[in-house]
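Chain and residue survey
As a plain string of letters, each chain reads:
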Amino acid sequence: MRIAGLACWFLLEAWQVTAALADSKVAKSLADDPSFKKPEYADNIAQDPRCENAPDWHAFRLELLEASPEDAGALSLSFMFDYLLANATMMDGLDAASSRCFMGVITALYSIAFQKLTDRTVDGAAFFFKTLDQYLASLHPMKVDQAAAYGAWWPITDGLVASLRRAILRESANSTKGTAIRASSGKVPGNAFQVVPEDLVEGIPLSQSAKVFVYEVDDYAPLQKLAAGPSFCRENQRG
């Protein structure tokens, strides 16, 4: 009887462990992975891309549509820092605002980066563009175009974003000073690629060690499709 009772106890314990493992396996799925969590701004993009439920952002959108690209940057800076971020850190303020008007946030960041580059402030352009990239990273480029009505509702498209990215990188190339594109602290050139033509590769200057054929994406429609979206050239993929 004692042996039989012990055997029953072991069987009961084994069943409980097996049941617990089965429950844990059933409970876990891709939906439990934070990487697959639905972004808070997803509903806003789908249901209210013009931000008509956020009167302040809706008014801002109408002003942007009337402004030139150069003036849109100054307008966005004023709206973001004098109103939106008055009592919050930049990222906290933007994260909160993105759930109310995601398209407004990315358009403002794009407009500011564009203005900074126009003013030849490459560091500033890179800083705001890097922030913009963080919001666009998990979004299909076609979603941006659709939510902006291809520029009719918001003055932004994936093509404009991609063109600005390349312009900032061109201005950054060969720079030897620190830049917001990638922190330098004096140890490496402060450009997006972390190299300059004079750098030696096995005793040979980089400019003489390889041939690189560069095609301007804006000039070739097939390349524009291949280069769509921030995932094509993220900040941590350069260099």
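Now for a look at the structure at hand.

Reading the values: rules and limits
- Residues numbered from 1 in each chain as written.
- Predicted model: local features only at pLDDT ≥ 70, side-chain atom pairs only at ≥ 80, totals over all residues.
- Heavy atoms only, no water.
- Disulfide = S-S within 2.5 Å.
- Helix = DSSP H or I, 4+ residues; strand = E, 2+ residues; numbered from the N terminus.
- Buried < 20%, exposed > 50% of the residue type's maximum accessible area, 1.4 Å probe, protein only.
- Salt bridge = Lys/Arg side-chain N within 4 Å of Asp/Glu carboxyl O.
- Arc of directions from axis to C-beta.
- Contact = heavy atoms within 4.5 Å.
- Expected span 1.5 Å × (residues − 1).
- Bend = angle between axes of the 7 residues up to and from the residue.
- Phe/Tyr/Trp six-rings, centres within 6.5 Å; stacked < 30°, edge-to-face > 60°.
- Axes fitted to C-alpha atoms, helices over the stretch in contact; angles between N-to-C directions.
- Parallel < 35°, antiparallel > 145°, perpendicular 65-115°, else oblique.
- Left-handed = near helix turned anticlockwise from the far one by under 90°.
- Nonpolar A, V, L, I, M, F, W, Y, C, P; charged D, E, K, R; others polar.

1. Re the state of the cysteines
Working definition: the covalent bond between the sulfur atoms of two cysteines is a disulfide. This structure, assessed with the given rule, holds one disulfide. Shown here is the disulfide that connects Cys-51 with Cys-101, its sulfur atoms set 2.0 Å apart. Residues Cys-51 and Cys-101 are joined by a disulfide whose S-S torsion is about 95 degrees; by sign, that bridge is right-handed. One end of the pair, Cys-51, is in the loop between helix 2 (42-47) and helix 3 (55-66); the other, Cys-101, is in helix 5 (residues 90-118), with 50 residues separating them in the sequence. Each member of the pair, Cys-51 together with Cys-101, is buried.

2. Looking at the pattern of salt bridges
Evaluated as defined, the whole model comprises seven salt bridges. We note a salt bridge from Asp-218 to Arg-166, for which the minimum N-O separation is 2.4 Å. With Asp-218 in the loop between helix 9 (206-209) and helix 10 (221-226) and Arg-166 in helix 8 (residues 158-172), this pair connects stretches of sequence that are 52 residues apart. Judged by its relative accessible area of 33%, Asp-218 falls in the partly exposed class. Here Glu-216 ties to Arg-170 by a salt bridge, and the two come within 3.0 Å at their closest N and O atoms.

3. Some points on helix 4 (residues 69-84)
The α-helix winds at 3.6 residues per turn, so residues separated by three or four positions along the chain end up facing the same way. Residues of helix 4 that are buried include every one of Ala-72, Gly-73, Ser-76, Phe-79, Met-80 and Leu-84, and no others. Along the axis of helix 4, the buried residues cluster in a sector spanning 135 degrees; they form a single face. Packed against the buried residues of helix 4 are helix 3 and helix 5.

4. Side note on helix 5
Between the first and last C-alpha of helix 5 there are merely 23 Å, a value that for 29 residues lags more than 12% behind the 42 Å anticipated at 1.5 Å per step. At Cys-101, helix 5 is deflected by roughly 125 degrees, the largest bend along its length. Residue Arg-120 follows helix 5 closely and has a positive phi angle near 65 degrees.

5. A word on the packing of aromatic side chains
For the structure on display, the rule yields seven aromatic pairs. For the ring pair Phe-60 and Phe-79, a centre distance of 4.4 Å and an interplane angle of 15 degrees mean the geometry is stacked. With Phe-60 in helix 3 and Phe-79 in helix 4, the pair connects residues that are 19 residues apart, well separated along the chain. A residue is classified by how much of its surface remains accessible, and Phe-60, at 1% relative accessible area, is buried. Ring centres of Phe-102 and Tyr-135 lie 6.4 Å apart, and the angle between their planes is 65 degrees; this geometry places the pair in the edge-to-face category.

6. A closer look at the environment of Phe-129
Within the fold, Phe-129 resides in helix 6 (residues 122-136). Along the chain, Phe-129 and Arg-165 lie 36 residues apart, while their C-alpha atoms are 7.5 Å from each other. In this structure, Phe-129 is in contact with Ala-113, Val-161, Leu-164, Arg-165 and Ile-168, ignoring residues within four places of it in sequence.

7. Notes on the environment of Met-80
Relative to the helices and strands, Met-80 is located in helix 4. By relative accessible area, Met-80 is classed as buried at 0%.

8. Observations regarding the packing of helix 3 against helix 4
Angle between the axes and distance between the axes: these two values describe a pair of packed helices. Two elements in contact, helix 3 and helix 4, have axes separated by 10 Å at closest approach and are oriented at 160 degrees. The orientation of helix 3 relative to helix 4 falls into the category roughly antiparallel. Considering how the two elements wind past one another, helix 3 and helix 4 form a crossing that is right-handed. Along its contact with helix 3, which presents Asp-56, Trp-57, Phe-60, Glu-63 and Leu-64, the element helix 4 presents Ala-72, Leu-75, Ser-76, Phe-79, Tyr-83 and Leu-84.

9. Topic: the packing of helix 6 against helix 8
At their nearest, the axes of helix 6 and helix 8 sit 10 Å apart, and the two run at 140 degrees to each other. As summarised for this structure, helix 6 and helix 8 are arranged oblique, according to the angle between their axes. The handedness of the crossing between helix 6 and helix 8 comes out as left-handed. Mapping the contact onto sequence places Val-122, Ala-125, Ala-126, Phe-129, Leu-132, Asp-133 and Leu-136 in helix 6 and Val-161, Leu-164, Arg-165, Ile-168, Glu-171 and Ser-172 in helix 8. For the contact of helix 6 with helix 8, the residue count by class is nine nonpolar, one polar and three charged.

Any link to function would need more than the numbers given here.
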